[in-house]
Amino acid sequence: MQELKQHKELYIMLLPFTILFFTFVILPVLSSVVLSFTDFNMLQFPQWRGVDNYVRLFLDDDVFLIAFKNTLMFALITGPISYMMCFVFAWLINELRPKIRSFVTLVFYAPALSGNVFFIWQFLFSGDTYGLINGNLLKLGFINQPIQWFIDPRYNLTIIIIIQLWMSLGTSFLAFIAGLQSVDRTLYEAGAIDGVRNRWQELWYITLPSMKPQLLFGAIMQIAASFSVSTISMSLAGFPSTNYSAHTIVLHMLDFGTIRYEMGYASAIAVVLFIIMLVVKNMIERVLRYVGN
């Protein structure tokens, strides 16, 4: 209580953010958890169903299992690769002169900044003879008829993963650039005295330990991006995609929440996704503890 009185001005300044954070983040999450145990169609008052939604989700919903597999594949491929891409490109760009660094950073960040720019891939992988890929393959004689890239289940998921990687240099990339800029240069001089002999040792023993907050932030952002893929898949492969081949957990949640209005079931899907992301985040936190040790 004494500490509260001493720093009351600080707590007063934090109060608006705390209220907004509780109202628009904490309260919706808690509401989703409660609704996941109910049958709620947004017209009638929620009816308690216990764990029926979760039993249905894992035992009766085959489409959810397909969405879970696709989402896990997205996360396992795009998550680590895009995370490493963000750091490697940031590390290389950081070595450039300031003006060149600013320009190159903008160039790499442009796909993530441009919103629906991924629609350019529709021209590249168009399913008719006018598509750039189909046109060249037909001209070279590799195929006899155009390939329906975004409809054929053999190709659409792979292409969407590639597009997601292309757009992955976003917030994490900027965070790594900022983190590299904030590393104390005197640490490298001290490291040279203590036996650090090359750039790889500098990276492991100085750069990465000094960037742990940015590394964790970048990991969280990449987890959120890789597990919440929906817009690209829905826009390019359709909703639903052929045989649900590009269906994700978020799309499954949107299906039940915004089309069927089964909000209790959609909330159960959201809770499962939240738990998965939380587990992955904790695993990454444990891995980052060993960086530089």
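For the structure given in this document, a descriptive report is provided here.

What counts and what doesn't
- Residues numbered from 1 in each chain as written.
- Predicted model: local features only at pLDDT ≥ 70, side-chain atom pairs only at ≥ 80, totals over all residues.
- Heavy atoms only, no water.
- Helix = DSSP H or I, 4+ residues; strand = E, 2+ residues; numbered from the N terminus.
- Buried < 20%, exposed > 50% of the residue type's maximum accessible area, 1.4 Å probe, protein only.
- Areas by Shrake-Rupley, 256 points an atom, 1.4 Å probe, with all protein chains shown as cover.
- Contact = heavy atoms within 4.5 Å.
- Phe/Tyr/Trp six-rings, centres within 6.5 Å; stacked < 30°, edge-to-face > 60°.
- Salt bridge = Lys/Arg side-chain N within 4 Å of Asp/Glu carboxyl O.
- Axes fitted to C-alpha atoms, helices over the stretch in contact; angles between N-to-C directions.
- Parallel < 35°, antiparallel > 145°, perpendicular 65-115°, else oblique.
- Left-handed = near helix turned anticlockwise from the far one by under 90°.
- Nonpolar A, V, L, I, M, F, W, Y, C, P; charged D, E, K, R; others polar.
- Core = buried A, V, L, I, M, F, W, Y, C linked by side-chain atoms within 4.5 Å.
- Arc of directions from axis to C-beta.

**Quick word on the overall build of the protein**
For step 1, the next point in the chain: A tally of helices and strands in the protein yields 15 helices and 2 strands.
For step 2, the next point in the chain: Dimensions of the protein, computed from C-alpha atoms along their principal axes, come out at roughly 70 × 60 × 30 Å.
For step 3, the next point in the chain: Looking at the protein as a whole, 37% of its 293 residues qualify as buried.
For step 4, the next point in the chain: When the accessible surface of the protein is split by element, carbon and sulfur atoms take 68% of a total near 17500 Å².

**What about the environment of Ile147?**
For step 1, the next point in the chain: Mapped onto the secondary structure, Ile147 falls in the loop between helix 7 (132-140) and helix 8 (156-166).
For step 2, the next point in the chain: When the C-alpha atoms of Ile147 and Arg185 are compared, they prove to be 53 Å apart, with 38 residues separating the residues in sequence.
For step 3, the next point in the chain: Excluding anything up to four places from it in sequence, Ile147 contacts Ser126, Gly127, Asn134 and Tyr155.

**A short note on the packing of aromatic side chains**
For step 1, the next point in the chain: As enumerated under the stated definition, the model contains 14 aromatic pairs in all.
For step 2, the next point in the chain: Plain terms: the ring middles of Phe58 and Phe64 are 5.7 Å apart, the flat faces sit at 90 degrees to each other, and that makes the pair edge-to-face.
For step 3, the next point in the chain: A relative accessible area of 0% places Phe64 in the buried class.
For step 4, the next point in the chain: Taken together, the ring pairs in this structure connect Trp121, Phe125, Trp149, Phe150, Tyr155 and Trp166 into an aromatic cluster.

**With respect to the pattern of salt bridges**
For step 1, the next point in the chain: In this structure the tally under the stated criterion is 5 salt bridges.
For step 2, the next point in the chain: Ionic pairing is found between Arg260 and Asp255, a salt bridge with its closest N-O pair at 3.0 Å.

**A few points about the packing of helix 14 (residues 249-259) against helix 15 (residues 263-288)**
For step 1, the next point in the chain: Direction vectors running N to C along helix 14 and helix 15 enclose 160 degrees, while the axes themselves pass 8 Å from each other. Here helix 15 runs roughly antiparallel to helix 14, going by the angle between their axes. Helix 14 and helix 15 meet at a crossing whose hand is left-handed. When helix 14 is examined against helix 15, the residues Ile249, Val250, His252, Met253, Phe256 and Gly257 are found in contact with a partner set consisting of Met263, Tyr265, Ala266, Ile269, Ala270, Leu273 and Ile276.
For step 2, the next point in the chain: Residue composition of the contact of helix 14 with helix 15, grouped by class: 11 nonpolar, 2 polar and no charged.

**Quick look at the nonpolar core**
For step 1, the next point in the chain: Of all hydrophobic cores here, the largest spans 23 residues; its most connected members are Tyr83, Phe87, Ala90, Phe173, Phe176, Met211 and Leu215.
For step 2, the next point in the chain: Where this core is concerned, the elements lending two or more residues are helix 4 (62-93), helix 5 (98-113), helix 9 (171-182), helix 11 (199-210) and helix 12 (212-227).
For step 3, the next point in the chain: Broken down by element, the residue count for this core peaks at 6 residues, all from helix 4.
For step 4, the next point in the chain: Once residues lying within four places of it in the same chain are set aside, the contact partners of Tyr83 are Thr78, Phe176, Leu215, Gly218, Ala219, Gln222 and Leu288.

**Details of the packing of helix 3 (residues 52-60) against helix 15**
Between two packed helices, both the angle of their axes relative to each other and the distance between the axes serve to describe the pair.
For step 1, the next point in the chain: Contact pair helix 3 / helix 15: the axes reach a minimum separation of 9 Å and the direction vectors enclose 70 degrees. When the axes of helix 3 and helix 15 are compared, the pair comes out roughly perpendicular. Crossing of helix 3 against helix 15: the hand is right-handed. Each of Asn53, Tyr54, Arg56, Leu57 and Phe58 in helix 3 lies in contact with helix 15, whose residues at this interface are Gly264, Tyr265, Ala268, Ile269, Val271 and Val272.
For step 2, the next point in the chain: Classifying every residue of the contact of helix 3 with helix 15 gives 8 nonpolar, 2 polar and 1 charged.

**Comments concerning the environment of Gly191**
For step 1, the next point in the chain: Mapped onto the fold, Gly191 is located in helix 10 (residues 186-194).
For step 2, the next point in the chain: Using a relative accessible area of 8% as the deciding quantity, one classes Gly191 as buried.
For step 3, the next point in the chain: Sequence-wise, Gly191 and Gln201 are 10 residues apart; in three dimensions their C-alpha atoms are separated by 9.1 Å.
For step 4, the next point in the chain: If near-sequence neighbours (up to four positions away) are discounted, Gly191 is found in contact with Val196 and Ile206.

**Focus on helix 3**
For step 1, the next point in the chain: Buried within helix 3 are the following residues: Asn53, Tyr54 and Leu57. The buried residues of helix 3 occupy an angular sector of 100 degrees when projected down its axis, which confines them to one face. Among the exposed residues of helix 3, those pointing more than 90 degrees away from its buried face are Leu59 and Asp60.
For step 2, the next point in the chain: The inward-facing, buried residues of helix 3 abut helix 2 (8-35), strand 1 (38-39), helix 4 and helix 15.

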